[in-house]
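In case you want the letters, here they are:
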Amino acid sequence: MKKTTVALQAINDVKDFVNIVSKFDYEVDLVAGRYSIDAKSIMGIFSLDLSKPIDVIAHSDDTDDLFKAIDKFIIK
């Protein structure tokens, strides 16, 4: 399991993020406060407060490709 933090500011960011994450066959969750949702669910993401940073938790040990693919969303 690996974790990073992302910012999804616009509708297109959410759409691009879901398209990228859906290509990976392991589970990826988004955690905002006490809410945890499936990162592959566009409706779930829109239920979060997108004005704040969101934690991404990938349930795999081999997440390098995922984190490279979502690099433009990662807060550094």
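Throughout what follows, the structure given in this document is the object of discussion. What you see is a predicted model, and the numbers here were worked out from it, not measured in a lab. (Residues numbered from 1 in each chain as written. Predicted model: local features only at pLDDT ≥ 70, side-chain atom pairs only at ≥ 80, totals over all residues. Heavy atoms only, no water.)

### Let's talk about the overall build of the protein chain
- When you go through the protein chain residue by residue, the secondary structure sums to three helices and four strands.
- Start at the N end of the protein chain and walk to the C end: the helices and strands fall as β-α-β-β-α-β-α.
- Its C-alpha atoms give the protein chain a radius of gyration of 11 Å, near enough to 11 Å, the size a compact globule of 76 residues would have.
- Its C-alpha atoms give the protein chain principal-axis dimensions of roughly 30 × 25 × 25 Å.
- A burial count over the protein chain gives 41% of its 76 residues as buried.
- Contacts in the protein chain between residues far apart in sequence, at least 24 positions, make up 70% of those at least 6 positions apart.
- Surface exposure of the protein chain reaches about 4700 Å², of which carbon and sulfur atoms provide 51%.
- Seen as two clouds, the 10 positive and the 13 negative side-chain charges of the protein chain have centres 5 Å apart. (Helix = DSSP H or I, 4+ residues; strand = E, 2+ residues; numbered from the N terminus. Rg over C-alpha atoms; globule rule 2.2 N^0.38 Å. Buried < 20%, exposed > 50% of the residue type's maximum accessible area, 1.4 Å probe, protein only. Contact = heavy atoms within 4.5 Å. Areas by Shrake-Rupley, 256 points an atom, 1.4 Å probe, with all protein chains shown as cover. Lys, Arg positive; Asp, Glu negative; His and termini not counted. Charge placed at Lys NZ, Arg CZ, Asp CG, Glu CD.)

### Considerations on the nonpolar core
- Residues Val6, Leu8, Phe17, Leu30, Ile45, Leu66 and Ile70 are the most contacted members of the largest nonpolar core, which totals 25 residues.
- Those elements that place two or more of their residues in this core are helix H1 (11–21), strand E2 (28–32), strand E4 (54–58) and helix H3 (64–69).
- By residue number, the principal contributor to this core is H1, which donates five residues.
- In contact with Ile45, other than residues within four places in its own chain, are Leu8, Val14, Phe17, Val18, Leu30, Ile37, Ala39 and Leu50. (Core = buried A, V, L, I, M, F, W, Y, C linked by side-chain atoms within 4.5 Å.)

### A short note on the environment of Ala39
- Assignment of secondary structure puts Ala39 in the loop between strand E3 (35–38) and helix H2 (42–46).
- A relative accessible area of 0% means that Ala39 is categorised as buried.
- Along the sequence, Ala39 and Val56 sit 17 residues apart, while their C-alpha atoms lie 7.9 Å from each other.
- With residues near it in sequence (within four places) discarded, Ala39 still touches Phe17, Val18, Val21, Val28, Asp29, Leu30 and Ile45.

### Description of the packing of aromatic side chains
- Tallied over the entire structure, the rule returns two aromatic pairs.
- Look at Phe24 and Tyr26: their rings are 5.8 Å apart centre to centre, the planes differ by 45 degrees, and that puts the pair in the tilted class.
- Accessibility expressed as a relative area gives 16% for Tyr26, which makes it buried. (Phe/Tyr/Trp six-rings, centres within 6.5 Å; stacked < 30°, edge-to-face > 60°.)

### A look at the side chain of Thr63
- When you line up the elements, Thr63 lands in the loop between E4 and H3.
- Once residues lying within four places of it in the same chain are set aside, the contact partners of Thr63 are Lys2, Tyr26 and Ala58.

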